[in-house]
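Observations on the three-dimensional arrangement
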Amino acid sequence: MSTKPLRVLALTCATRPGALGPAVSRWLLDAVTPQAAALDVEVVPVALGDLDLPFLDEEESPSSGVHRHDHTRRWSATVDAADGFIAVTPEYNHGMPATLKNALDYLAVEWAWKPIGFVSYGHTSAGTRAVEHAKQVVTALRMVPTGTTVAVRIGDAVRDGRLRPDADRDAAGATLLDEVVRLAHALRPMRERDRATPGPLPGSYARRLTGDDAPEVTVLQRCCWTEEALVNGTLAIPPLHESVPEVGQWLADWHTTGLWRDGRLLGMVRTRTDGTDCHLGRLAVVPDLRGRGVGRWLLRAAEVAAGPGCRRIELFTGARSRRNIALYQSVGYRPVSPAGPDGTVRLAKHLPGTGR
């Protein structure tokens, strides 16, 4: 699973002039800052009153993803870039404020498979009925509300428009952020799968790998190329020795397709174009899934990623790697001269319609 840092939006939902919401949000940000640093999470404050969202005015259904107004596009981009949310909300007449309901209703896919926690405030119920109301709505958007909530009773907690110091409440805020972050990590494969290319195995999906995936790629390489080292009788194989920063560096230079399922990197392949030639390499499939067509699927994905300008694809593999050579030859790759680097063979494939 990607190690990309998470972004959590702290939503101030009240827009009434003089409302307590900004003070509660300031407390929340102060309380969770140490925990956010420890978890490598960016907590970003967002005030719904600053969004200039009128009552929902889009012609198309939010589920269509078609946003015609600039205010909707800005809100869509903000929510889409987030991994989770904490809503700081008052309770109005046993429910959440209309501003929060309206902001939720504007979007659909941008919310899906993301956690949301709640900090509520009020008098008799400390805002808890607003949270129960909001949970009905967010679950319909395929969001996951946390079990942990923080409820602030105004009469007990507020003095001169500010929240009194309370170590227990500070600890509860940190616990809430921790649960949001844990859920955001757990749900990341669900978010990625909805937006990625379906893979060859049930539940699998493919996406381009980035430098944030370098730790997973490093583990996959050590797993897969150990067998190559044994077969070819040499440890002089770069994938066995590359550090995480070195892997991250070449991930930035190559177009690398990774196959994932449930947060596990199952396989990968990389390509790089040089004029009309394309170089292919680092084809890897976890040992327990070999023989199930994953390697062939990744090869095809690499050929598609090479683009229409590619006329010839070239690759190297170990001279004694008979299984690899048989796979490549079965899909049209042929040995070519000169041979590859020490202990390897070079194979190439002309793409359909390009001649030989």
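Preceding this paragraph is the structure being described.
Not measured: the values here are computed from a predicted model. (Residues numbered from 1 in each chain as written. Predicted model: local features only at pLDDT ≥ 70, side-chain atom pairs only at ≥ 80, totals over all residues. Heavy atoms only, no water.)

**With respect to the pattern of salt bridges**
Using the following cut-off: Each salt bridge in this description consists of a side-chain nitrogen of Lys or Arg and a carboxyl oxygen of Asp or Glu lying within 4 Å of one another. Comment: elements are numbered from the N terminus, with helices defined as DSSP H or I runs of at least four residues and strands as E runs of at least two. Only protein chains enter the accessibility calculation, which uses a 1.4 Å probe; a residue is then buried when its area is under 20% of its type maximum, exposed when over 50%, and partly exposed in between.
Evaluated as defined, the whole model comprises 20 salt bridges. The salt bridge involving aspartate 80 is made with arginine 195; its shortest N-O contact spans 2.5 Å. With aspartate 80 in helix H2 (residues 70-80) and arginine 195 in helix H6 (residues 167-195), this pair connects stretches of sequence that are 115 residues apart. Residue arginine 195 is classed as partly exposed on the basis of its relative accessible area of 49%. Salt bridges here are not isolated pairs; linked through shared partners, they connect Asp83, Arg188 and Arg191.

**Section: helix H4 (residues 128-140)**
The cut-off we apply is this: Expected helix span is taken as 1.5 Å per residue step, with the number of steps being one fewer than the number of residues. Any two residues whose heavy atoms approach within 4.5 Å at even a single point are treated as in contact.
The terminal C-alpha atoms of H4 lie 19 Å apart, and with 13 residues this matches the ideal 18 Å at 1.5 Å per residue to within 8%. Buried within H4 are the following residues: Ala130, Val131, Ala134, Lys135, Val137 and Val138. Buried residues along H4 sit in contact with strand S3 (84-90), helix H3 (98-105), strand S4 (115-122) and strand S5 (144-153). Positive phi appears at arginine 142, one or two residues downstream of H4, with a value of about 65°.

**Things to note about the nonpolar core**
Soluble, globular proteins show a tendency: their nonpolar side chains are buried together. Let me state the cut-off plainly: Residue types Ala, Val, Leu, Ile, Met, Phe, Trp, Tyr and Cys, when buried and joined through side-chain atoms within 4.5 Å, form a set referred to as a nonpolar core.
Ranked by size, the top nonpolar core spans 41 residues in total, and within it Val217, Met268, Leu280 and Tyr333 carry the most contacts. Secondary-structure elements contributing two or more residues to this core are strand S9 (205-208), helix H7 (214-232), helix H8 (244-253), strand S10 (255-261), strand S11 (264-274), strand S12 (277-285), helix H9 (294-305) and strand S13 (312-318). Examining the composition of this core, we find that six residues originate from one element, H7, more than from any other.

**Examining the state of the cysteines**
This is how it is decided: When the sulfur atoms of two cysteines come within 2.5 Å, that pair is taken as a disulfide.
For the structure shown, the criterion picks out zero disulfides. With no disulfide of its own, cysteine 224 lies 4.6 Å from the sulfur of cysteine 223, the closest cysteine sulfur.

**Points about unusual backbone geometry**
One non-glycine residue, aspartate 262, lies in positive phi territory at about 50°. The exposed category is assigned to aspartate 262, whose relative accessible area is 69%. For arginine 282, which is not glycine, the phi dihedral falls at a positive 55°. Structurally, the position occupied by arginine 282 is in strand S12. Residue arginine 282 is classed as buried on the basis of its relative accessible area of 13%.

**Topic: the sheet that holds strand S2 (residues 41-47)**
We count it as follows: By this definition, two strands are paired if DSSP reports at least two bridges between them. To obtain each axis, a line is fitted to C-alpha atoms, and for helices this fit is confined to the stretch in contact; angles are then taken between N-to-C directions over 0 to 180 degrees.
If you walk across this open sheet you meet the five strands as S2-S1-S3-S4-S5, and the pairing is parallel. Here the strands that pair on one side only, and so sit at the sheet edges, are S2 and S5. Geometrically, the sheet is characterised by an average inter-axis angle of 20° between neighbouring strands, direction not taken into account. In the sheet, strand S1 (residues 6-12) pairs with S3 via five bridges, with the strands oriented parallel. Bridge pairing in S3 places valine 8 opposite glycine 84. On the sheet, helix H1 (residues 21-39) packs against S1, S2, S3, S4 and S5 and is oriented at approximately 170° with respect to S2.

**Regarding the packing of aromatic side chains**
Where two aromatic rings form a pair, the distance of their centres and the angle of their planes describe that pair. Heads up, the condition is: For Phe, Tyr and Trp, rings pair up if their centres lie within 6.5 Å, where Trp contributes its six-membered ring, and each pair is then called stacked (planes under 30 degrees apart), edge-to-face (over 60) or tilted (otherwise). Any Lys NZ or Arg CZ found within 6 Å of a ring centre and within 35 degrees of that ring's normal is scored as a charge over the ring.
Under the defined criterion, the tally for this structure stands at three aromatic pairs. Both rings, one in tryptophan 75 and one in tryptophan 111, keep their centres 5.9 Å apart while their planes meet at 70°; by these two values the pair is edge-to-face. Of the two residues, tryptophan 75 sits in helix H2 while tryptophan 111 sits in the loop between H3 and S4, which places them 36 residues apart along the sequence. Each member of the pair, tryptophan 75 as well as tryptophan 111, carries the same accessibility label: buried. Here a set of aromatic residues connected by ring pairs shows up, and it is made of Trp75, Phe85 and Trp111. Taking NZ or CZ as reference, arginine 169 lies 5.3 Å from the ring centre of tryptophan 27, over its face.

**Some remarks on the side chain of arginine 169**
With respect to the helices and strands, arginine 169 occurs in helix H6. Exposure remark for arginine 169: the relative accessible area of 9% places this residue in the buried category. Sequence-distant contacts of arginine 169, defined by excluding residues within four places in its chain, comprise Trp27, Val150, Val152, Ala157, Leu163 and Arg164.

**Regarding the environment of glycine 318**
By the element assignment, glycine 318 lies in strand S13. Residues glycine 318 and arginine 346 lie 28 residues apart in sequence; the distance between their C-alpha atoms is 9.0 Å. In this structure, glycine 318 is in contact with Asn232, Ile325, Gly343, Thr344 and Val345, ignoring residues within four places of it in sequence.

**Comments concerning the environment of tyrosine 333**
Just so we agree on the cut-off: Counting of polar contacts relies on pairs of N or O atoms within 3.5 Å, with two restrictions inside protein: one atom must be capable of donating a hydrogen and the other of accepting it, and residues adjacent in sequence are counted only when both atoms are side-chain atoms.
Mapping tyrosine 333 onto the fold places it in the loop between helix H10 (322-330) and strand S14 (334-335). The exposure class of tyrosine 333 is buried, given its relative accessible area of 0%. Along the sequence, tyrosine 333 and alanine 98 sit 235 residues apart, while their C-alpha atoms lie 62 Å from each other. In this structure, tyrosine 333 is in contact with Leu280, Leu299, Glu303, Ile313, Leu315, Tyr328, Leu347, Ala348 and Lys349, ignoring residues within four places of it in sequence. A polar atom in the side chain of tyrosine 333 sits 3.2 Å from the side chain of glutamate 303.

**Re the packing of H1 against H6**
Quick reminder of the rule: Every angle not falling under 35 degrees, over 145, or within 65 to 115 is termed oblique; those three ranges are roughly parallel, roughly antiparallel and roughly perpendicular. Helix crossings are classified by the rotation of the near helix relative to the far one: an anticlockwise turn of less than a right angle makes the crossing left-handed, while a clockwise turn makes it right-handed.
Where H1 contacts H6, the two axes come as close as 8 Å, and the packing angle between them is 50°. Judged on the interaxial angle alone, H6 and H1 are oblique. You can see that H1 and H6 cross each other, and the crossing is right-handed. In this structure, H1 uses Trp27, Ala31, Val32, Gln35, Ala36 and Leu39 to contact H6, whose residues at the interface are Arg169, Asp170, Gly173, Ala174, Leu177, Asp178 and Val181.

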